[in-house]
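# Structure assessment
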Amino acid sequence: MSERRYDAREIEAKWQAVWADEGTWEVDNHPIQEAGGSRSRPPASTRHGKSYVVEMLPYPSGEPHIGHLKNYAIGDAIAHFRRRTGHRVLHPMGYDSFGLPAENNAIKTGVHPRVATEQSIAAFQKAFRSWGISIDWSREIASHEPEYYRWTQWIFLQLYKRGLAYRKESAVNWCPNDQTVLANEQVVDGRCERCGHEVELRQLEQWFFRITDYADRLLDDLDRIDWPEHVKTMQRNWIGRSVGAEVNFRCAELGIDYPVFTTRPDTLFGATFFVMAPEHPDIFRLAAGTANEKQVHDYVNHALAESAEDRGDADKTKTGVFLGRTITNPVTGEEIPMYVADYVLMEYGTGAIMAVPAHDERDFAFARAYDLPIRQVVSPRDRSPIPDDEAFVTKADDAILVNSGEFDGLTPKEGFERIVHWLDLEGIGHPSVNFRLRDWLVSRQRYWGCPIPIIYCDEHGMVPVPEDQLPVVLPDVEDYQPRGRSPLATAEDWVNTTCPECGKPARRETDTMDTFVDSSWYFLRYCDARNDDAAWDPAVLREWMAVDQYIGGVEHAILHLMYARFFVKALADMELLDVQEPFNALFTQGMILGPDGQKMSKSRGNVIPPTPLIERFGADSARTYILNMGPPDQDAAWNDNALAGAHRLLSRLWTLGEELRTAGGAPLGTPDAEAVQQPADPTGDALTLVRKANWAIDRVTSEFVGRFGFHNAIAAVTELVNDLYRFPEAEFEARKFAVATAASLIFPFAPHLGAEVFEFVTRRRAWEEPWPAVDPSMLVADTFELVCQVNGKVRDRLQAPSGAEREELEALALAAPGVVAHLDGHELVKVVVVPGKLVNIVVR
């Protein structure tokens, strides 16, 4: 018996050195007949072609947390499985390294964001290597490096040339604390998602990407991809497609037309007032010089502190302020009053509505609160009375239009069509499809981001930086403190330049790009990361794209995923890509909660740092535990005892391998040893082990090709290990086969330990071997092991006939010696039978 013990540190350092020295996980861009594992000894086949596996790239702030370990452990398990099932796997790494956290840290500490970011990247690199993640390090990228953002700027210019990047004045969300513009998606409950400060409204010139041009395709193509249905639903809701009409209402006093999108043009004759969202860009213009000007300003800033959900709540008390103006209802010619009210959202339609209180619940409540006219224009066909305290909102065919001029008597559907046609003929409206989706606001008045490659010339206006002058390198500045404009504005030597068109003095754009721009195309750069002549070679992208398996948090279900899809579609339209979707399949992992079951946060004191765990138990134990916490797409609370249990499992498997390694006083096999074979015609305990090994192969494989139920896969390996300890006298070849199988199956979850034990038994490398194949004949057994419990505790095990009826299983369990010994003197309450597995006898 060997006196050695499982030493995770020693084993993990050994294999990490092998993988680093050999570049094991690197893969070329040109397929070879056999590739995908070690360059020195590739696996048997690439019959299934390529598999591109990507985890969402991390933001390098501080050190990696336990959530990172879960994300990359999931992706790594998938990558390992696919390599060994004949795929040519690309599994790269990068860092979303521009953005506010590093800059805010620089303002607070005086440490340059480049310095802090690169320190964090170094910490992430160290962690990923210590975790044994199988990364192709030859493709590593970081979005703050000029070699990367040169091509971010190039993509910006391609969008600009095609009218998909544009600049306009807009009412924007402004964070006074971070001193920058925020996209609508970055405002949560009226506050900045990063710092929590209340957001204000400002009118500023901003850069946008015209993502709304792709709204229909973004919506329709969701049916083409293998994503969780709840994520697709989130995207569909965010895009928000509605069919209706756009109608022009004219403010004669200012000579301005205000378009309104409505899904109920049949109720136009009932519009008795007009309401605009607090964020509407003309609100302050309309209120200027009126008696309510200050009241309007105060109301708008207060409204921004409310969430969209609260503002849109039908039961919320309706509030608003008269704008001091009237507007003309285009079908009645009436002058109706204009209001600003928080129940109208800028995200819907044009940010303004025709209010029809008789047939809309929120308009009805507002009209009651402000004593505004309520005119019924839709009625039950039998003209039965409608209660005075509610709106009549039906579109059913048993209703008709009333008080609607020549359209009286039509059904709402008929009225919809006829009124829209009339509006179109009169030139005051037209059929329209509206989307909740708004163009993507991409400019930020901050320092630490990708410079926008635009120059302003007094003679030629906006001029794109010539492509051969990219990158526009981000200069170093001493003061990162934003003061209502980008800190880049203080870098006069950088700002002042010459116009590419005329050579006269000009100035650079000082806004930088939203960091979501950087992360909307990184998966393309991974494919051709060392290309100095282009963002990518189209031939290389044809080899790798689209991503076959994408892994990340559900919190990115709307923003990042929507933006990445837009980029790919726009670039495909430019004939720079051959795919329409970036990610064929998506897996969203759940969070790891603190031991208290709450979301981890420093303020709660429940954060679990991974480094001490790795030092104590090893990376394999941490990875195995994290993937064994439960379904990986669900949240789960941390449990130190369960982590120790994962460590015991690996230690027991290591001991089994060590016993075989030292059996007979010499290592088994030779460097050129044949693969471990399943024994021919096993009997007795050997047959039991061989069958259990095949059962485990079948179970683990099914979890990899299903929805990644890795907790079930690890449980199957655990059962196999348990049986190896239960049958220590089984024939040597059967034990050798079962131990090698267990090591092979555990390898995707615990690669260091799996490699070590597999080498003990076979003198071969687990990652270079094909995934173990199941012998179907061994999945059919004449008997199975029946677990016999008394009050939930295992008291005996016995072999029972496969397919035995419940009564036979109950009788066998009641007669089992271990059970009989625990029944004496107790009253039998009930017997619970789980066919094919166990019998639990409840006594008192």
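No experiment lies behind these values; they were computed from the predicted model shown.

Backbone hydrogen bonds are what pair the strands of a sheet, in a parallel or an antiparallel way. Ordered in space as β6-β5-β9-β19, the 4 strands form an open sheet in which the pairing is antiparallel. What marks the edges here is a single partner per strand, and that holds for β6 (180-182) and β19 (440-441). Examined bridge by bridge, strand β5 (residues 165-175) and strand β9 (residues 200-209) share 10 bridges and lie antiparallel to one another. Across the sheet, S170 pairs through a bridge with L204, a residue of β9.

Every α-helix carries 3.6 residues per turn, so stepping three or four residues along brings you back to the same face. In this model helix α20 (residues 640-662) runs 33 Å from its N-terminal to its C-terminal C-alpha over 23 residues, within 8% of the 33 Å that 1.5 Å per residue would give. Listed as buried for α20 are L643, A644, A646, L649, L650, L653, W654, L656, G657, E658 and L660. Check the buried side of α20 and you find it contacts α1 (8-22), α18 (610-617), α19 (619-627), α22 (710-726), α23 (732-746) and α24 (751-762). N-cap assignment for α20: the residue whose side-chain oxygen lies 2.8 Å from the backbone N of N641 is N639.

Quick look at the sheet that holds strand β32 (residues 828-834) now. The strand order across the open sheet built from 4 strands is β31-β30-β33-β32, with neighbouring strands paired in mixed fashion. If you trace the sheet from one side to the other, it starts and ends with β31 (793-801) and β32, each paired once. Taking the axes of each pair of neighbouring strands and ignoring which way they run, one obtains an average angle of 20° across the sheet. The sheet contact formed by strand β30 (residues 783-790) and β31 spans 8 bridges and is antiparallel. The residue of β31 that forms the bridge with E785 is Q799.

A regular strand places its side chains so that they alternate between the two faces of the sheet. Across the two faces of strand β15 (residues 352-355) the burial is the same, with A352 and M354 and I353 and A355 all buried. As judged from the 4 bridges shared by strand β12 (residues 273-276) and β15, these two strands associate in the antiparallel manner. Within β15, the position partnered with M276 by the bridge is A352.

Moving on, we come to the confidence of the model for the protein. The share of residues in the protein with pLDDT of 70 or more is 95%, and the mean pLDDT across the chain is 90. This model gives residues 32-46 a pLDDT under 50, and the stretch forms 39 contacts once residues within four places in sequence are excluded.

Burial analysis of β30 places 6 of its 8 residues in the buried class, which makes it a mostly covered element. For β30 and strand β33 (residues 838-843), the ladder comprises 4 bridges, and the chain directions are parallel. The partner of C788 across the bridge, within β33, is V839.

Rules used throughout
Residues numbered from 1 in each chain as written. Predicted model: local features only at pLDDT ≥ 70, side-chain atom pairs only at ≥ 80, totals over all residues. Heavy atoms only, no water. Pairing = 2+ DSSP bridges. Helix = DSSP H or I, 4+ residues; strand = E, 2+ residues; numbered from the N terminus. Expected span 1.5 Å × (residues − 1). Buried < 20%, exposed > 50% of the residue type's maximum accessible area, 1.4 Å probe, protein only. Contact = heavy atoms within 4.5 Å. Polar contact = N/O pair within 3.5 Å; in protein donor to acceptor, adjacent residues only side chain to side chain. Axes fitted to C-alpha atoms, helices over the stretch in contact; angles between N-to-C directions. pLDDT = per-residue confidence, 0-100.

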